[in-house]
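Residues per chain, in single letters:
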Amino acid sequence: MTQSITIRRPDDWHLHLRDGAMLQGIAPESARHFGRAIIMPNLVPPVVTGAQAAAYRERIMAAIPAGADFKPLMTCYLTEDTDADDLAQAHADGIISAVKLYPAGATTNSASGVTDFDKVRPVLEKMAEIGLPLCVHGEVTDPAIDIFDREAVFIDRVLDPIRKATPDLRVIMEHITTKNGVDYVRSGGDNLGATITTHHLIINRNHILVGGIKPHYYCLPVAKREEHRIALREAATSGEASFFLGTDSAPHADAAKESACGCAGCFTATNTMSLLAHVFEEDGALDKLEAFASLNGPAFYGLTPNDATLTLTKLDAPVEFADKIDTGAGPVTVFQPGFPVFWAAS
């Protein structure tokens, strides 16, 4: 008997679309299954003003296939020179849906991020006043802190003090990777949510390193121990409103990934929904998939769920995903989970 489930069209609450030829090549992959996506602003140079966000949105819309039902939700990159009034006006004009905080040097194209958090406090207070959410890359960049501990230390050193100083600020901990993150979100109240990626539900750090380095599994925040992956799966499949999908799908051309200093990021836009169906079925939680992928995110951002639907059907034979997406910026390898997947999305 054919098994299928139909859910509201999902949204992606953390997405990298890049720009130029890369944007043209990979934007259709997200537009195929997702209704909306929070778009990351870490271009070169970064998107730091409302006008730049509006211009980037136009470039994205030009790259989306005709007739696709996809809406980019724009963000601005928080710097120590950010103009709070500009953000407020962009929010009032419907240009931006959130602001992104990168600790300086934490990940790809984050050199313009924040070093002195006291300098951005007036901006955060303004955001709290107008209800503009803050999306956080939750890692410290202190070289004395082990890379596998950077999320937990960030919670203690940076995030908790920010939230205590600005309690009305709505915060999304993006791509949490640890049990520490899960526990903190659960204790954080209604103003705190978290996105979880597809790949962090599937891989732990052994998958990156055992049997040879796997550059297409390397991401930031880096995958952690198995106990943390299990905690993430339990959170994602729980149906709890604080946890929702943010793929952090991050395309890099193969030449940039397969190099002496490979770029961080997993490209999952193509097959995320099939992979999630596999994970949720494996954990006996298919009935919670719609909450994670389609309902919890809109609720946190104060939006209504999409009217359109997506159907996931379990096939008798494994689905064959594209191995690579060809773009004008070079081929991009699609994340492969290492096991057969039988769920097709339509």
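Starting from 1, residues in each chain are numbered consecutively following that chain's sequence as written. Whole-chain, interface and lining totals are the exception, using all residues; otherwise, since this is a predicted model, local features are given only for residues with pLDDT of at least 70 and side-chain atom pairs are given and counted only at 80 or more. Note: side-chain values were computed over all heavy atoms of the structure, leaving out hydrogens and water.

Looking at the sheet that holds strand 2 (residues 12–15)
Line of reasoning, step 1. Strands sit in the order 2-3-4-5-6-7-8-9 across an open sheet of eight strands; the sheet is parallel. The sheet is open, and its two edges are formed by strand 2 and strand 9 (243–245), each paired on a single side. Strand-to-strand, the axes of this sheet are offset by a mean angle of 30°, without reference to chain direction.
Line of reasoning, step 2. When strand 8 (residues 192–196) meets strand 9, the two strands line up parallel, connected through three bridges. For Thr195, the partnering residue across the bridge sits in strand 9 and is Phe244. What makes two strands pair is DSSP finding at least two bridges between them. Runs of H or I in DSSP of at least four residues are treated as helices and runs of E of at least two as strands, each being numbered from the N terminus. Angles run from 0 to 180 degrees between N-to-C directions of axes, and those axes are lines fitted to C-alpha atoms, restricted for helices to the stretch in contact.

With respect to the pairing of strand 4 (residues 71–77)
Line of reasoning, step 1. Most of strand 4 is tucked away, with six of its seven residues classed as buried.
Line of reasoning, step 2. Remark: the strand 3 (residues 36–39)/helix 2 (residues 50–63)/strand 4 crossover connection has right-handed handedness.
Line of reasoning, step 3. Relative to strand 5 (residues 96–101), strand 4 is paired through four bridges, and the arrangement is parallel. Bridged to Cys76 within strand 5 is Val99. Relative accessibility thresholds used throughout: buried, under 20% of the residue-type maximum; exposed, over 50%; partly exposed, between the two (1.4 Å probe, protein chains only). For the handedness criterion, the strands are oriented away from the viewer, and a crossover whose path from the first strand over the helix to the second runs clockwise is classed as right-handed.

Considerations on the pairing of strand 6 (residues 134–137)
Line of reasoning, step 1. A two-sided burial pattern is seen for strand 6, the buried positions comprising Leu134 and Val136 on one face and Cys135 and His137 on the other.
Line of reasoning, step 2. Note that strand 5 and strand 6 share three bridges and pair parallel. Bridge assignment links Lys100 to a residue of strand 6, and that residue is Cys135.
Line of reasoning, step 3. Pairing geometry for strand 6 and strand 7 (residues 171–174), over four bridges, is parallel. When the sheet's bridge partners are listed, His137 is paired in strand 7 with Glu174.
Line of reasoning, step 4. Taking the sense of rotation as the criterion, the β-α-β connection linking strand 6, helix 5 (residues 150–165) and strand 7 turns out right-handed.

Points about unusual backbone geometry
Line of reasoning, step 1. For the peptide bond that leads from Val44 to Pro45, omega is 0°, which places it in the cis range.
Line of reasoning, step 2. Among the secondary structure elements, Pro45 is positioned in the loop between strand 3 and helix 2.
Line of reasoning, step 3. One non-glycine residue, Arg18, adopts positive backbone phi at about 60°.
Line of reasoning, step 4. Look at Arg18 and you get buried, because its relative accessible area is 13%.
Line of reasoning, step 5. With phi around 55°, Asp248 is a residue other than glycine that occupies positive phi space.

Here we look at helix 11 (residues 289–301)
Line of reasoning, step 1. Expected span of a helix, by definition, is 1.5 Å for each gap between consecutive residues, and there is one gap fewer than residues. Taking 1.5 Å of rise per residue, the 13 residues of helix 11 would be expected to cover 18 Å, and the 19 Å separating its terminal C-alpha atoms lies within 8% of that figure.
Line of reasoning, step 2. One axis is fitted to the seven residues ending at the residue and one to the seven starting there. The bend at that residue is the angle between these axes. Taken as a whole, helix 11 carries its principal kink of about 45° at Leu295; the proline Pro298 stands between one and four residues after it.
Line of reasoning, step 3. Across the 13 residues that make up helix 11, a large majority, ten, are buried.
Line of reasoning, step 4. For helix 11, the set of buried residues is Leu289, Ala291, Phe292, Ala293, Ser294, Asn296, Gly297, Pro298, Phe300 and Tyr301.
Line of reasoning, step 5. Just past helix 11, the residue Gly302 takes up positive phi, approximately 75°.

Quick word on the environment of Ala37
Line of reasoning, step 1. Topologically, Ala37 is positioned in strand 3.
Line of reasoning, step 2. Sequence-wise, Ala37 and Lys71 are 34 residues apart; in three dimensions their C-alpha atoms are separated by 6.7 Å.
Line of reasoning, step 3. Not counting residues within four places of it along the chain, the set of residues in contact with Ala37 comprises Asp12, Leu15, Phe70, Lys71, Pro72 and Leu73. Contacts are residue-level and defined by heavy atoms, with any inter-residue pair within 4.5 Å sufficient.

Considering the packing of helix 10 (residues 272–282) against helix 11
Line of reasoning, step 1. Axis separation between helix 10 and helix 11 bottoms out at 9 Å; the angle between their running directions is 140°. It follows from the interaxial angle that helix 10 and helix 11 lie oblique. Residues Met273, Leu276, Ala277 and Phe280 of helix 10 pack against Leu289, Phe292 and Ala293 of helix 11.
Line of reasoning, step 2. Gly is placed with the polar residues, together with every amino acid not listed as nonpolar (Ala, Val, Leu, Ile, Met, Phe, Trp, Tyr, Cys and Pro) or charged (Asp, Glu, Lys and Arg). Grouping the constituent residues of the contact of helix 10 with helix 11 by class yields seven nonpolar, no polar and no charged. When an angle is under 35 degrees it counts as roughly parallel; over 145 it counts as roughly antiparallel; between 65 and 115 it counts as roughly perpendicular; any other value is oblique.

Brief notes about the pattern of salt bridges
Line of reasoning, step 1. Should a side-chain nitrogen of Lys or Arg be within 4 Å of a carboxyl oxygen of Asp or Glu, the pair is scored as a salt bridge. Under the counting rule described, the total for this entry stands at 17 salt bridges.
Line of reasoning, step 2. A salt bridge links Glu174 to Lys100, with the nearest nitrogen and oxygen atoms 2.7 Å apart. Taken together, the residues span a long stretch of sequence, with Glu174 in strand 7 and Lys100 in strand 5 at a distance of 74 residues. Lys100 carries the same exposure label as Glu174, and that label is buried.
Line of reasoning, step 3. Here the residues in one salt-bridge network are Arg186, Glu234 and Glu240, joined through shared partners.

Quick look at the packing of aromatic side chains
Line of reasoning, step 1. A pair of Phe, Tyr and Trp rings is counted when the ring centres sit within 6.5 Å of each other, with Trp represented by its six-membered ring. The angle between the planes then sorts it: under 30 degrees is stacked, over 60 is edge-to-face, the rest tilted. Evaluation of the coordinates by the stated rule reveals six aromatic pairs.
Line of reasoning, step 2. Judged by centre distance (5.2 Å) and plane angle (40°), the rings of Tyr77 and Tyr102 are tilted. On the criterion of sequence distance, the pair formed by Tyr77 in strand 4 and Tyr102 in the loop between strand 5 and helix 4 (121–130) is long-range, its members being 25 residues apart. Accessibility classification places Tyr77 together with Tyr102 in one group, the buried group.
Line of reasoning, step 3. Centre to centre, the rings of Phe300 and Tyr301 are 6.2 Å apart; their planes meet at 75°, and the pair counts as edge-to-face. We note that Phe300, like Tyr301, is buried.

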